[in-house]
Amino acid sequence: MITDFSCQQRDLDIFYNELNSFLPSKIIDGHVHLWNKKSINIPRSEYEIHKRYKPWTDFDLFEEFTIEDYYRCANALLPGKDFIGTFFGLPFEQIDRGVSNQYILEQSKNECFGFYYMPGQFENAYETEQKLALSKINGFLGLKPYPDLAKVEGRDVGLYDMLNRSFLEYAHEFGLHIMLHIPGKMRLKDERLKTELIETVRKYKNATFIMAHAGRSFCFYDINGSIDFLINEENVLFDTALLNDPLVLEYLFKSVDSTKILFGTDAPLSFTKGKDVCINNKHYYVADKVVPWGIGPIDENLLDLTYYLYEEIRSIIYAVKAAYPNNQDKSLENIFYNNSKNIYLQHGLI
Ligand SMILES: [Zn+2]
C-alpha cells in the first residue's frame, strides 16, 4: 500500500467541483503497476540506496501495491465511478520479473481485468507460451516490455533489446497489444529508434502498439514534432499515463482522433500527491514532502498539493476542450472508457 494514503475532504472537493461531471460513469484505467512484497529482490537495508533514483523504486513509499490496494485508492479518489484497472508488474531490476508477472497471472484467475505480460530480453515467446499458455488466459491483452529490463553495453537500449523478434512474431500471430515505454535519452527524437519503430509497426501489422505516456512525452518539448511520424499508422495508439501537462495533451489530442487515446493513471504514483513540472525542457516530480527523487518542500505547509490523478484528469479536460470543442462528451467517453473497452472486446474479455 502507499504509505500515508488518505483522501481528504479538500481533495474530494476537487473531484466533485471540477472533475466528476466530465467523467463518464464507467472508466477503464489502461496503465497500472501491481506487485507484491515477494517480488522485491533487494534487502530492506538497501531501500535507502534505490529510492534515490526514482519514485518507482522507493519501497519505503510503496513496498507493494496489490490489486486490493489499487481498488481501495481508486474508489476513494473517484467515488461513484465504475472503475476497472488494466494491470502489469513493476519493470525494474530491483523487482524479480518472474514473481511480478506471476502475481498478475494469479490475480487474473479470481477477477476479470485486462493485463500485460513483461517479457525478458532473451526470453523466447513461444517457450513461454508453451509453459504459461498466456494466450488462453482470460484477460491477456499483450506485452509490456520495458527498457530497464534489458542491458546493453555502450549505447542506449533499442527497441529490439527490450522486445525481441520472437515476441514481435508472437504478438503479430496472436493479435496482441504492446504497451511500449520508449527507451533512450532522445526518446522519439532519436533517428535510430524512429527507424526501428516504423519498421516494426509496419512489419508486425496484427499487433497494436500503444505509446505509453504518449511516447514518454512529459514536457511539451518531448512531444512537439516527435509523434508526427506515427499518427497515421493504423496500429498505433497513445496512452496518457501520468501526463499532466495540459500543453502535452493538447498537442496529442490535436494530432490524433480521440479513438486513438487511452486513459491510464500510472498508479500507484498517480495516487500520491504531486505534479510534474517542466523546467528547461526536463520534467521533475514535485511531491508534498522532501523526497530523494524529486522536489519537495522542507516546510510542508508551504504547498497545498492534490493527487497526480486529479492533475491528470484536469489536464485531459483542458485538452479535450481545446482539441475537440464540438465533440467533448464523446471524446471524453472514448478516452476514459470506449477505447479500452474495444481492446477488451478484441481479446474476448467483456
Ligand atoms: Zn507505468
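Refer to the structure printed above.
Values in this document were obtained by computation on a predicted structure and should not be read as measured data.

J.: Explain the pattern of salt bridges residue by residue, including any values.
T.: Pairing between side chains of opposite charge can happen when the charged atoms of each approach one another. Here the structure, examined in full by the defined rule, presents 18 salt bridges. A salt bridge links R202 to E233; its shortest N-O distance comes to 2.6 Å. Placement of the pair is R202 in helix 8 (residues 191-203) and E233 in the loop between helix 10 (220-223) and strand 7 (236-239), with a sequence separation of 31 residues. Classification of E233 by relative accessible area gives buried; the value is 10%. Residues joined in a network through salt bridges with shared partners are E18, E311 and R314.

J.: For the coordination of the zinc ion, give the residues involved together with the corresponding values.
T.: Looking at the zinc ion, one finds its protein donor set to be H31 (NE2), H33 (NE2) and D266 (OD), positioned 2.1 to 2.3 Å from the metal centre. Between consecutive donors of the zinc ion, the numbers of intervening residues give the motif H-x1-H-x232-D. Judged by its relative accessible area of 0%, H31 is buried.

J.: I'd love a proper account of the state of the cysteines, names of residues and values included.
T.: Throughout the structure, instances matching the rule amount to one disulfide. For C219, the disulfide goes to C278, at an S-S distance of 2.3 Å. Given an S-S torsion of about -100°, the disulfide between C219 and C278 has left-handed geometry. With a gap of 59 residues between them, C219 in the loop between helix 9 (213-216) and helix 10 and C278 in strand 9 (residues 274-279) connect regions that are remote in the sequence. A disulfide-free cysteine, C73 has its sulfur positioned 9.4 Å from the sulfur of C7, the nearest such atom. Accessibility expressed as a relative area gives 0% for C73, which makes it buried.

J.: Please set out the nonpolar core residue by residue, giving values where relevant.
T.: If you look at the biggest cluster of nonpolar residues, it comprises 105 residues, and the most contacted ones within it are F65, Y70, L252, F253, F271 and Y310. By residue number, the principal contributor to this core is helix 12 (residues 308-323), which donates nine residues. In contact with F65, not counting residues within four places along its chain, are I2, V32, H33, L34, W35, Y70, C73, A267, P268 and F271. Ranked by size, the runner-up nonpolar core spans 13 residues in total, among them F88, Y116, L262 and L349.

J.: Got a sec to walk through the sheet that holds strand 7? Specific residues and values, please.
T.: Pairing in this open sheet of eight strands is parallel, and the strands run 1-2-3-4-5-6-7-8 from one edge to the other. The strands lining the two open edges of the sheet, one partner per strand, are strand 1 (26-33) and strand 8 (261-262). The strands touched by helix 3 (residues 67-77) within the sheet are strand 1 and strand 2 (82-88), with strand 2 carrying the most contacts at an inclination of about 145°.

J.: Go over the packing of aromatic side chains, please, and point to the residues and values.
T.: Under the criterion given, the structure shown has 26 aromatic pairs. Taken together, a centroid distance of 4.8 Å and an interplanar angle of 80° make the contact between F87 and F113 edge-to-face. Taken together, the positions of F87 in strand 2 and F113 in the loop between helix 4 (97-110) and strand 3 (114-117) put the pair 26 residues apart, joining distant regions of the chain. Here the two residues F87 and F113 agree in accessibility, since each one is buried. Through successive ring pairs, a cluster of aromatic residues spans F65, Y70, Y71, F83, F87, F113, F115, F140 and F271. Positioned over the ring face of Y160 is R165, at 4.0 Å from the centre of the ring.

Parameters at a glance
- Residues numbered from 1 in each chain as written.
- Predicted model: local features only at pLDDT ≥ 70, side-chain atom pairs only at ≥ 80, totals over all residues.
- Heavy atoms only, no water.
- Salt bridge = Lys/Arg side-chain N within 4 Å of Asp/Glu carboxyl O.
- Helix = DSSP H or I, 4+ residues; strand = E, 2+ residues; numbered from the N terminus.
- Buried < 20%, exposed > 50% of the residue type's maximum accessible area, 1.4 Å probe, protein only.
- Donors = N, O, S within 2.8 Å, 3.2 Å for Na, K, Ca; no water.
- Disulfide = S-S within 2.5 Å.
- Core = buried A, V, L, I, M, F, W, Y, C linked by side-chain atoms within 4.5 Å.
- Contact = heavy atoms within 4.5 Å.
- Pairing = 2+ DSSP bridges.
- Axes fitted to C-alpha atoms, helices over the stretch in contact; angles between N-to-C directions.
- Phe/Tyr/Trp six-rings, centres within 6.5 Å; stacked < 30°, edge-to-face > 60°.
- Lys NZ or Arg CZ within 6 Å of the ring centre and 35° of its normal.

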